[in-house]
Amino acid sequence: MKSLEELQKIKERALERKKLAGESARARVIVGMGTCGIAAGARETMKAILEWLEKQQIADVVVTQTGCIGMCEYEPIVQVQVGNAELVTYGKIDPARVPTLIERHVLNGEPVTEWQVK
Amino acid sequence: MALYRAHVLVCGEPRCVARGAQEVQAALVAKLEELGLGQEIQVLETTALGHGDQGPEIVVYPEGTHYVNLTPDDARLIAEEHLLKGRPVTRLIYKELPTEPLPPPAAKEVRVVLRNIGKIDPESIDDYIAEEGYQALAKVLSEMTPQQVIDEVLRSGLRGRGGAGFPAGKKWAFAAAQPGPDKYLICNGDEGDPGAFMNRRVLEGDPHAVIEGMIIAGYATGAHQGYFYVRAEYPIAVRTLRIAIQQARDYGLLGKNILGSGFDFDLELRMGAGAFVCGEETALMASIEGQRGMPRTRPPFPAVKGLWGKPTNINNVETYANVPQIILKGAEWFAARGTEKSKGTKTFAVAGKVKRTGLIEVPFGITLREIVYDVGGGILNDKKFKAVQTGGPMGGCIPEQYLDTPVDYETLGQLGSIMGSGGFVVMDEDTCMVDIARFFMEFAQDESCGKCVPCRVGTRRMLEILEDICAGKGQPGDIERLEALAQEVRLGSLCGLGQGAPNPVLSTIKYFRHEYEAHIYDHKCPAKVCKGLIEYKIDPAACTGCTACARNCPVSCITGKPKQTHVIDPEICIRCGICQQVCKFGAVLVE
């Protein structure tokens, strides 16, 4: 990149891609992968999410990672956003909770309120 | 009928079988045979045990220990550890996950430094660019002169977030005024305070914000080479930074002729080995140069003579992370938050005896009470607040009567504490303040680099006195000796470690002198913490003679027959407290 115009282009491209991902994907699942999350088992949670989605042959869910959001006590923290609905934050999502979480919230669109961090 | 000393129930429901229950059962039976326990322990296949979603699962009776998510290897381990040696394998035991709604996160938070964290993928530069990333750099390179950048940062009132609170704009102006062409820029990511991890979070969650801040600072000060100094204990931060630096290089945001402006700047990553003193700027620079990490006298300040003897600007991670937003949104926007002399927000690592520990970002001027009760959710188990220590191991302890103090650099200093990098340890009524002072002195003594005699020897002597007091061997005059030594150490040390090491002692003497006196003159530890001053006793009225304490005592100092009152021999007792933990009847008391 050698000019300001190029930076603006990259910005527009990134925003566009984000928008497209939001439109074509059924949902976004974000896993906190800071040191705190990983120490609490976020890698296993991430693995479980990816495996479960693959097993169920769900391809239109975007899974990404992010850093520590400040509630290290509740790690592993997973955030779920279905379509344009509100982003919901869940705490203490271990692999055993993953199938329920995906089934209820991602597939049926009903947040699992009892695990939610409000 | 054969008698067994233990029974193991294995769930044989289809769900568990599908997850490998039969293999687990086979492994368990084979291992028990191998250990010669086949006649002592019965393995039974049964129906659902209750947590089939986490199968294969087994329950060991008579204890009723419920193991879940087992593999054949786990089964063999349980056979050997639990069934042969009687030690339950804690890691495999089913844990009740909280089902009640989790409490809400902090109110009163304002996110400036942490605005992107949790929102963007730290390994994607595009994510950062989509959130206005590198727009501040573009603005600086296309519209502003270095002097204008410095003026903007000066007007914002941004102060060094590493602890000392020196105005960042002034620091930049000093470095900019030095003759070039060789100048350096350093980002101090050697966050060494125990329990503090604000910088780690920024580096792991939003590395490009720090990189952008550094490029802007490089432009303002005339430096073309920057160094990231990050401790090696932060492997994920190091990895994230490596990726981020490479991405910025690939996009031409680092390197020659950035955005066609003619300005060159590049970054290198250096890892620290974790010595606390290397967070001090001159020691840090020595460490980058490959020397032993020791501070030196200032002046000359790094802005004049820094890394390799060249003018150097050094700021903390959080300071740099604030810069892009100051440029984009303006100095006035930034200065709108905070107090008269401390502008903007500050991140704190809230730890200790509060309900909600974690990382927060709050505006300056918030009171200590708001942080403890509104953000931290109050004291754990609703006990009584005793003190809060701010600023890490060199900070002082602030008692309850000052809880309504608005937090900024000056007010904390007036109370005998410091802002530091943002440590925030809350203590409740069960904390012994002499023990706390001893603990932090031990840290300071351990981390003293040894260059200044008052720090090297003084912290050692202070620690010895504190250890004596905690052991019940305190002498009249010890408090005064501590105070005198504290002055020597403070005045005779070059860097913040020695200058700050007496803070925990002086502040606890100032606010909790009665606790010191109780230790020395009455031989009592009011919080019942110091082992040399307490005695464990069994309350005959509450003791049922269950023998749990006697069986668990590591030094066998508890005697008594089953169903009769037990007695602790204070001569042998090592005050480990295990008897109190295992007693189900609350019969073990501390005096």
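Every chain's residues receive numbers from 1 upward, in the order its sequence appears when written. Think of it this way: whatever chain is written first is A, whatever ligand is written first is 1, and the rest follow in order. Two thresholds apply to this predicted model, a pLDDT of at least 70 for residue-level local features and 80 or more for giving and counting side-chain atom pairs, whereas whole-chain, interface and lining totals are computed over all residues. Side-chain descriptors were evaluated using all non-hydrogen atoms of the structure, hydrogens and water having been removed beforehand.

### A short note on the confidence of the model for chain B
Note: predicted coordinates in regions of low pLDDT should not be interpreted at a detailed level.
Residues and elements named next belong to chain B.
Then, number 1: Within a predicted model, pLDDT stands for the predictor's per-residue confidence, ranging from 0 to 100. Averaged over chain B, the pLDDT score is 90; the fraction of residues at 70 or greater is 97%.
Then, number 2: Working definition: helices are DSSP H or I runs of at least four residues, strands are E runs of at least two. Numbering for both runs from the N terminus. Mean pLDDT across the secondary structure elements of chain B bottoms out at helix α1 (residues 14–18), with 77, and peaks at helix α9 (residues 207–221), with 97.
Then, number 3: Taken together, the chains of this predicted complex give a pTM of 0.79 and an interface ipTM of 0.73.

### Notes on the nonpolar core
Residues and elements named next belong to chain B.
Then, number 1: Among buried residues, those of type Ala, Val, Leu, Ile, Met, Phe, Trp, Tyr and Cys that are joined through side-chain atoms within 4.5 Å constitute a nonpolar core. For every residue, the accessible area (1.4 Å probe, protein chains only) is compared with the maximum for its type, and the residue is labelled buried under 20%, exposed over 50%, or partly exposed between those bounds. Counting residues in each nonpolar core, the largest one holds 61 residues, and the members touching the most others are Y134, W172 and F228.
Then, number 2: The element contributing the most residues to this core is α9, with nine residues.
Then, number 3: Pairs of residues are marked as contacts when any of their non-hydrogen atoms sit within 4.5 Å. Beyond its immediate stretch of four places on either side in the chain, W172 contacts V149, I150, V153, A217, A220, T221, N313, N315, Y320 and V323.

### Describing the packing of helix α5 (residues 135–143) of chain B against helix α12 (residues 317–329) of chain B
Residue and element names in this part refer to chain B.
Then, number 1: Orientation of α5 relative to α12, taken along the N-to-C sense of each, is 60 degrees, at an axis distance of 8 Å. When the axes of α5 and α12 are compared, the pair comes out oblique. Where α5 crosses over α12, the two elements pack in a sense that is left-handed. Seen from α5, the contacting residues are Q135, A136, K139 and V140; seen from α12, they are P324, I327 and L328. Interaxial angles span 0 to 180 degrees and are taken between N-to-C directions of axes, which are lines fitted to C-alpha atoms, for helices over the stretch in contact. Any angle that is under 35 degrees is reported as roughly parallel, and any over 145 degrees as roughly antiparallel; angles of 65 to 115 degrees are reported as roughly perpendicular and all others as oblique. By definition, turning the near helix anticlockwise from the far helix through less than a right angle yields a left-handed crossing, and turning it clockwise yields a right-handed one.

### Section: the layout of surface pockets
Unfilled space is identified by rolling a water-sized probe across the atoms.
Residues and elements named next belong to chain B.
Then, number 1: Put simply, the grid is 1 Å and covers the protein atoms alone, a cavity is a trapped set of points that fit a 1.4 Å probe, a pocket is an open set with protein on both sides within 12 Å along at least five of seven lines, and lining residues have an atom within 4 Å of a point. Grid points are joined across faces, edges and corners, and a volume is the space filled by probe spheres set on the points. If you add up the space inside the largest pocket, you get close to 1,400 Å³.
Then, number 2: If you go around the largest pocket, you meet 49 residues; those closest to its centre are G162, G163, A164, G279 and G496.
Then, number 3: Among the elements of the structure, α7 (168–177), β8 (312–316), α15 (409–414) and α19 (496–500) are those that each provide at least two residues to the lining of the largest pocket.
Then, number 4: Counting residues per element, the lining of the largest pocket draws most heavily on β8, at five residues.

### Describing the sheet that holds strand β4 (residues 88–90) of chain A
Residue and element names in this part refer to chain A.
Then, number 1: In space, the four strands of this open sheet follow the order β2-β1-β3-β4, with mixed pairing throughout. Edge positions in the open sheet fall to β2 (61–66) and β4, since each of these has one partner strand only. Going from strand to strand, the sheet's axes swing by 20 degrees on average, the running direction of each strand aside.
Then, number 2: For strand β1 (residues 27–32) and β2, the ladder comprises six bridges, and the chain directions are parallel. Looking across to β2, one finds that V29 is bridged to V63. One requirement defines pairing of two strands: DSSP has to find at least two bridges between them.

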